[in-house]
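Each chain is listed here by its residues.
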Amino acid sequence: MWLKPEEVLLKNALKLWVTEKSNDYFVLQRRRGYGEDSGGLTGLLVGTLDTVLDSTAKVAPFRIIHQTPDSQVYWNIACGASLEEISQHWDWLQQNITRTLSVFDSGEDITSFVQGKIRGLIAEEGTSASDEEDPERFREAVLRFERLFGLPQREKLVTYFSCSYWRGRVPNQGWIYLSTNFLCFYSYMLGNEVKLVYPWDEVSRLERTSSVLLAESIRVCVRGEDHFFSMLLRLQQTYVIMQQLADYAIVRFFDKETFNAEHPLANPLHITQRALEIHARNQSFRAFFRLPQEENLCEVYESFLWVPFCHVNTLGKICVSENYLCFASQDGSQCHLIIPLWEVRILQIFLQTAKNFFNCIFGQINSTLLKERMKEQSWQIHFAEYGRGTGMFCTKKTRDLIVRGVPETLRGELWMLFSGAVHDMASHPGYYGRLLEECMGSSSLACDEIERDLHRSLPEHPAFQSDTGISALRRVLTAYAHRNPKIGYCQAMNILTSVLLLYAKEEEAFWLLVAVCERMLPDYFNRRIIGALVDQAVFEELIREHLTQLTEHMTDLSFFSSVSLSWFLTLFISVLPIESAVNVVDCFFYDGIKAILQLGLAVLDYNMDNLLCCHDDAEAVTVLNRFFDSVTNKDSPLPVTVQHASATANDKSIQKVDISNLIKEAYEKYGDIRTEEVEKMRKRNKLYVIQTLEDTTKQNVLRVVAQDVKFSAAQLDELYMLFKRQHFVSCYWSVCSPALQNHDPSLPYLDQYQLDQSQFSSLFNLLQPWTTHTHARSLARSAFRLLDKNGDGLVNFKEFICGLGKRTLTQESFTEKLKFLFKLHLQPVQGAVYKSDVFCPSGHAKVDLQEYLKQWQEDLQRREENIKDLPRINQVQFIGLTKTLYGVFHGDEEEESLYRAVARVTSLLLRMEEVGRKLQESSPQKMPQNTPTSTAQPETSPTLPTSPETETLTEGEGNQPDSPVSQQETAPSHSDITPTSTSRPSTPTSSPTGTSSPVLDTPTDTPSSPSTLRDGDWSFSFEQILASLLNEPSVVRFFERAIDTDSLIAHARKNQLKDAH
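Residues numbered from 1 in each chain as written. Predicted model: local features only at pLDDT ≥ 70, side-chain atom pairs only at ≥ 80, totals over all residues. Heavy atoms only, no water.

- The protein appears in an unreviewed UniProt entry as TBC1 domain family member 8B from Cyprinus carpio carpio.
- Under Subcellular location (unreviewed entry), UniProt gives the following word-for-word description of the protein: "Cytoplasm, Cytosol". (UniProt positions renumbered as here; feature names shortened; annotations may be inferred.)

Next up, the structure:
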């Protein structure tokens, strides 16, 4: 056991210990009197001393001590009751720590690191596997987790482990905390603090690695940066949990999968290690036995199964779910059995009578038909010995028969059995008919795409040259699109369904399609074909492992990924003749994706010599196309009119390849590929594929946005990640958050990530450069309304970044910043759209590309907005603008002078309006055209051009901006030339003191007017406000001050999670 490090001053004190092993840092010792020299005087003396001097416990006979380099100080770190026990500790030190210590410069650093590591191991050994076993210790860890990382209390800590984090060549001993949404690490040694917080949705690589320096470690790649964690006492357990949490994030945030209330992962606020284990176990159970998604593993027992065909007991495990009893052998016989519980009695009767079922008739002389009948006979013998239907034993012999090819008459039945579709159909009686009734006469985008592709599905086959076959194909595809709108319809589904209909009834073909799309080829049939891309990455790994000669010749294996994409999407149906492709489908339904991977490797291996001679990709494609044209099926009973006629059918110089031989070779050479390993590779590569697609989206968005803003490339990258993370942050701690639907990968790049008002407000307040604590929420709400011009309640990244960059962060123009604040306080006008504010095509539904391109062209040709296009601002809006200015100026070093400037401008504008009205009242005969005849909306009245007299006013005011007295004296003399005096009707006036001063909370020296105005009686144009504020140098300096964008971004990145509390 590991011991808390205790100092030992003398290495061989009293000669009581004998050194067994040693190196530069550690010494393994045996206590005298134990082992080989246990007898004699020394042994008796040591035994006596142990008894007398240690009255509480007997001294352990073996120990490991750590030697501080260049010192006589030693530290006792481990002890053991046997040589085997202490040797395990010694081996662990050798593998994980000894080679690491060479990177330290001083002996004190080495000892400090060793002590910290040993203490971590002791704490981890005492840590329970789950919080239920030791709730007190786990509660302490939760408190540390919350204190160290500042995450919301809703964030659920799943587990934690002691480990070392490598920064360069130096390890940092600390603790890794694994929570529902984050991977966290904390270390504090020798004054050096290391703190990491990474969300699982940003992890692109997660794998176990080893190197010369690191015996074994876990590599985590986040945003292109690698992080290594090693010296884990439970490395495999840690890795599995990390993989489960990363996969859970992918399922929630990218696949948008929802769980029913009884599911162990339904609530992200209550995720536990046990819940993750249950979910993983249920997934493996369903995948191995091809059972419906509703089935959950209830019990597992070790047992022996009596196998009647070989009269032996086979060791294995019985797995029991709600509706099935399954058995899988563990002795290498590859025997498994599935028994539906509702058919147990029928199955017993069937097994008793099955042996009498066999009947073989040879009545044909034709060799092809004779081979077909021989296949049928072989399967009938198999049924007689192993059973038929859902209770059939599946063994090595079953696979051998599959490799040889399934008879035409049995193909549909066996496809249903091996795919598990028979279980789906049995558990959902009448479901297909109800689907057809529901979708009858419906119209959708999927239906249109189906109609377009119906006549492209095996057009050379007679079954699809009539309305009967076409109608069946239409019904199956439409029913599935209605069942699973998330997938709907995608190309390649029509080809696959056509082949299924050739050998299965219509309802059976539907359930086979369900099994393929939702269980056997997950995520294949969507717009991003993530599942196919994942299997391409797995295929590349297998090529590197098994075809090294080809790997050395072609350094870039992405060519094989692109050329083999159709192999995986259509199960080779699109590249092989139909009579040969069905044999591949036979293997696929029995062995899953493993069969396609094996065949792909066999194809490349068969053409190895020709591929090595190719100089470019085009030659390689030609080689593979010729090979597929040469593949035949000599045993196919299909008539010549049905079989696919290849271009090389009559070319006798090309060697023909029989599909059965090719499949047999694939199983012989690559049959050792295990399904479990393939699934592990799938999970590992899915993270990489999704993050690669996300990076592609980001690069396309940034390329478009960079043309419109002045941010640097690095700033744009950071802002995009903040925008994207804000979407996920709002979904971390909610069950089935509606905000998840704001991410739609099927939309154009710009609209894939969008924020609603709540999400936008949180991010806007983090990034806006002015402090407006008093009414930040209303300001953010106004900004959202201003940017959301299409009215769909969502803002995409381009709208967000253009509003943020053009008007605040990168805009140095005082006019533009003031115009932004001005427009924030305008009341929204129904249907009004400012010309310069339309950044992207409207709508969250499917985008019309023609409309998109048209509006994009209009954006490029759009002229700059003129300030005269802005409507006037009324009294309530103007008061709100003034309050916002006070909030913006709060905390600034020139706060007092800025407050006074706003007060002066406010008073001046009000007095100018007052004087203008008095002039109108005193001389109505001069302006009969302005006499009010109807009630007008002041906020929407047109703005007249600025007169020369107004410019004179601006110049006069600018000579003495800091003297409110001089302004009071000057303003009345120019009041007769204000634009308002020529644009407003004559109305009674009142003092602004009662309306403006108390509401705005202006300083005491604010000048007041002698009369009072009523609400709605006055308004100002943007030109008036701009002209007045330009006379205040302190205000101009404030808004033209350069903004430190990098600091704002860093602040937002640091506080984004805290803001989610």
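## Quick notes on the environment of D635
Line of reasoning, step 1. Among the secondary structure elements, D635 is positioned in the loop between β17 (631-632) and β18 (657-658).
Line of reasoning, step 2. D635 sits 23 residues away from D658 along the chain, and the two C-alpha atoms are 9.0 Å apart. (Helix = DSSP H or I, 4+ residues; strand = E, 2+ residues; numbered from the N terminus.)

## Section: the nonpolar core
One recurring pattern in soluble globular proteins: nonpolar side chains tend to sit buried together.
Line of reasoning, step 1. By size, the foremost hydrophobic cluster in this structure holds 130 residues, and its most contacted members are I176, F797, F889 and I1025.
Line of reasoning, step 2. The element contributing the most residues to this core is helix α5 (residues 235-254), with twelve residues.
Line of reasoning, step 3. Excluding residues that lie within four positions of it along the chain, I1025 makes contacts with L818, F822, I873, F878, L881, L909 and F1020. (Core = buried A, V, L, I, M, F, W, Y, C linked by side-chain atoms within 4.5 Å. Buried < 20%, exposed > 50% of the residue type's maximum accessible area, 1.4 Å probe, protein only. Contact = heavy atoms within 4.5 Å.)

## Quick word on the sheet that holds strand β7 (residues 170-179)
Line of reasoning, step 1. The strand order across the open sheet built from seven strands is β9-β8-β7-β6-β12-β11-β10, with neighbouring strands paired in antiparallel fashion. On the outer flanks of this sheet lie β9 (192-199) and β10 (203-209), each paired with one strand and no other. The mean angle between the axes of side-by-side strands here comes to 30°, regardless of whether they run parallel or antiparallel.
Line of reasoning, step 2. Sheet analysis places strand β8 (residues 182-189) next to β9, joined by eight bridges and oriented antiparallel. In the sheet register, Y186 faces β9, and the bridge partner there is K195. (Pairing = 2+ DSSP bridges. Axes fitted to C-alpha atoms, helices over the stretch in contact; angles between N-to-C directions.)

## Brief notes about unusual backbone geometry
Line of reasoning, step 1. Even without a glycine there, the phi angle at L458 is positive, about 45°.
Line of reasoning, step 2. Following the sequence through the fold, L458 ends up in the loop between α13 (445-453) and α14 (467-483).
Line of reasoning, step 3. According to the relative accessible area criterion, L458 is buried, its value standing at 10%.
Line of reasoning, step 4. Even without being a glycine, F572 presents a positive backbone phi close to 70°.
Line of reasoning, step 5. Mapped onto the secondary structure, F572 falls in the loop between α20 (565-570) and α21 (578-591).

## A short note on the pairing of β10
Line of reasoning, step 1. Along β10, five of the seven residues are buried, which leaves the element largely enclosed by surrounding structure.
Line of reasoning, step 2. Judged from the six bridges that link them, β10 and strand β11 (residues 217-222) form a sheet pairing that is antiparallel. Bridge pairing in β11 places E207 opposite R219.

## Description of the packing of helix α33 (residues 875-889) against helix α39 (residues 1033-1040)
Line of reasoning, step 1. Direction vectors running N to C along α33 and α39 enclose 70°, while the axes themselves pass 12 Å from each other. Classified by the angle between their axes, α33 and α39 sit roughly perpendicular to one another. Every pair of crossing elements has a handedness; the one defined by α33 and α39 is left-handed. Only V1035, F1038 and F1039 of α39 make contact with α33, whose side of the interface consists of L885, V888 and F889.
Line of reasoning, step 2. Of the residues assigned to the contact of α33 with α39, the class counts are six nonpolar, no polar and no charged. (Parallel < 35°, antiparallel > 145°, perpendicular 65-115°, else oblique. Left-handed = near helix turned anticlockwise from the far one by under 90°. Nonpolar A, V, L, I, M, F, W, Y, C, P; charged D, E, K, R; others polar.)

## Things to note about helix α22 (residues 593-606)
Line of reasoning, step 1. The end-to-end C-alpha distance of α22 is 20 Å, a good match for the 20 Å that 14 residues give at a rise of 1.5 Å each.
Line of reasoning, step 2. Extensive coverage of α22 is indicated by the burial of 13 of its 14 residues. (Expected span 1.5 Å × (residues − 1).)

## Remarks on the packing of aromatic side chains
Line of reasoning, step 1. Per the stated rule, a full pass over the model turns up 50 aromatic pairs.
Line of reasoning, step 2. Taking the centre distance of 5.9 Å and the plane angle of 45° together, the rings of W379 and F383 count as tilted. One end of the pair is W379 and the other is F383, both in helix α8 (residues 367-386) and four residues apart, which spans about a single turn.
Line of reasoning, step 3. A relative accessible area of 1% places W379 in the buried class. (Phe/Tyr/Trp six-rings, centres within 6.5 Å; stacked < 30°, edge-to-face > 60°.)

## Describing the pattern of salt bridges
Line of reasoning, step 1. Using the criterion set out here, one finds 41 salt bridges in the structure.
Line of reasoning, step 2. Across the pair R725 and E202 runs a salt bridge whose closest N-O atoms are separated by 2.9 Å. A residue pair is termed long-range when its members are at least 10 positions apart, and R725 in helix α27 (residues 713-732) and E202 in the loop between β9 and β10 qualify at 523 residues.
Line of reasoning, step 3. With a closest N to O distance of 3.3 Å, K798 and D708 form a salt bridge. Of this pair, K798 sits in helix α30 (residues 797-809) while D708 sits in the loop between α26 (675-705) and α27, and the two are 90 residues apart along the sequence. (Salt bridge = Lys/Arg side-chain N within 4 Å of Asp/Glu carboxyl O.)

## Remarks on the side chain of S498
Line of reasoning, step 1. Its place among the elements puts S498 in helix α15 (residues 493-503).
Line of reasoning, step 2. Those residues in contact with S498, other than ones at most four positions away along the chain, are S457, L458, F464 and L473.

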